[in-house]
Each structure stands twice: as C-alpha cells, then as structure tokens.
Amino acid sequence: RRHKENLTRTKNKIYSNIEEAIEALKETATAKFVESVELHANLNIDPKYADQQLRTTVTLPNGVGKQTTIAVLTNEENFEEATSSGADIIGNDELIENITN
C-alpha cells in the first residue's frame, strides 16, 4: 500500500534541482530501516573523446570502513624520516620477508 502511494507521487517526475529531490525523498521515506538512494545523472558527454572522459574518485563521509596502514621499504638512514612522515610500518629486507610470509 505504501509503495503504491509513493509510486503515484513520484511516477515520471524529473527533479531539476537537488532540494526538490531531497524533499521528495523525505516525504516518501516510510520504511522502518535506513533507506539508500541511487542517483542517475545525464552529463551529456561522449566518452569516445579523450577531453570528454570522466575519471574521478568519491570520498565517502565515513570512509570505506577499513583502517589504512602505511608501510615504507627503505634503508636504515631513512627510518627516522619515514616515521616523522607518518608511516606505520618501516623496514627493509626483513619487512619484505615478513610481508611474503
């Protein structure tokens, strides 16, 4: 029943700005769980041409859920510099052996 009501409210509507779309999402959010949203956008670009290709990354607000560990393979003279630069694991040949095992 709720799904049919939401379909009649949003069927074949095109939202030209993000505020209207978010308002419609809030009005039709009736589930008892956290709902997700999918966005489709027409960018009017032709990826055949190099100057019109779109390559980008998106930074998620809460990250990807994994903790990043930075390992530096260097000689012993640069250990201090790697530590001050924020490396978590620093080593040379011994570190390579640990990684392969």
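The following refers to the structure shown. (Residues numbered from 1 in each chain as written. Predicted model: local features only at pLDDT ≥ 70, side-chain atom pairs only at ≥ 80, totals over all residues. Heavy atoms only, no water.)

Comments concerning the overall build of the chain
Part 1 of the reasoning: Counting its regular elements, the chain contains four helices and two strands.
Part 2 of the reasoning: Each helix (α) and strand (β) of the chain, taken in turn from the N terminus, gives the series α-α-β-α-β-α.
Part 3 of the reasoning: The C-alpha atoms of the chain give 25 Å as radius of gyration, which overshoots the globular expectation for 101 residues (13 Å, by more than 25%).
Part 4 of the reasoning: Taking the principal axes of the C-alpha coordinates as reference, the chain spans close to 70 × 45 × 25 Å.
Part 5 of the reasoning: Here the chain, with 101 residues, has 9% of them falling under the buried criterion.
Part 6 of the reasoning: A sequence separation of at least 24 residues applies to 5% of the contacts in the chain between residues at least 6 apart.
Part 7 of the reasoning: In the chain, which carries 11 positive and 17 negative side-chain charges, the distance between the mean positions of the two groups comes to 26 Å. (Helix = DSSP H or I, 4+ residues; strand = E, 2+ residues; numbered from the N terminus. Rg over C-alpha atoms; globule rule 2.2 N^0.38 Å. Buried < 20%, exposed > 50% of the residue type's maximum accessible area, 1.4 Å probe, protein only. Contact = heavy atoms within 4.5 Å. Lys, Arg positive; Asp, Glu negative; His and termini not counted. Charge placed at Lys NZ, Arg CZ, Asp CG, Glu CD.)

A short note on a negative patch on the surface
Part 1 of the reasoning: A contiguous patch of negative charge, built from E76, E77, D93, E94 and E97, is present on the exposed surface.
Part 2 of the reasoning: Relative to the helices and strands, E76 is located in the loop between β1 (71-73) and α3 (79-84).
Part 3 of the reasoning: Accessibility expressed as a relative area gives 59% for E76, which makes it exposed. (Patch = residues over 30% accessible without salt bridge, like charges linked within 9 Å, V, L, I, M, F, W, Y side chains within 5 Å. Areas by Shrake-Rupley, 256 points an atom, 1.4 Å probe, with all protein chains shown as cover. Salt bridge = Lys/Arg side-chain N within 4 Å of Asp/Glu carboxyl O.)

Description of unusual backbone geometry
Part 1 of the reasoning: One non-glycine residue with positive phi stands out, namely N44, at about 55 degrees.
Part 2 of the reasoning: For N44, a relative accessible area of 67% gives the class exposed.

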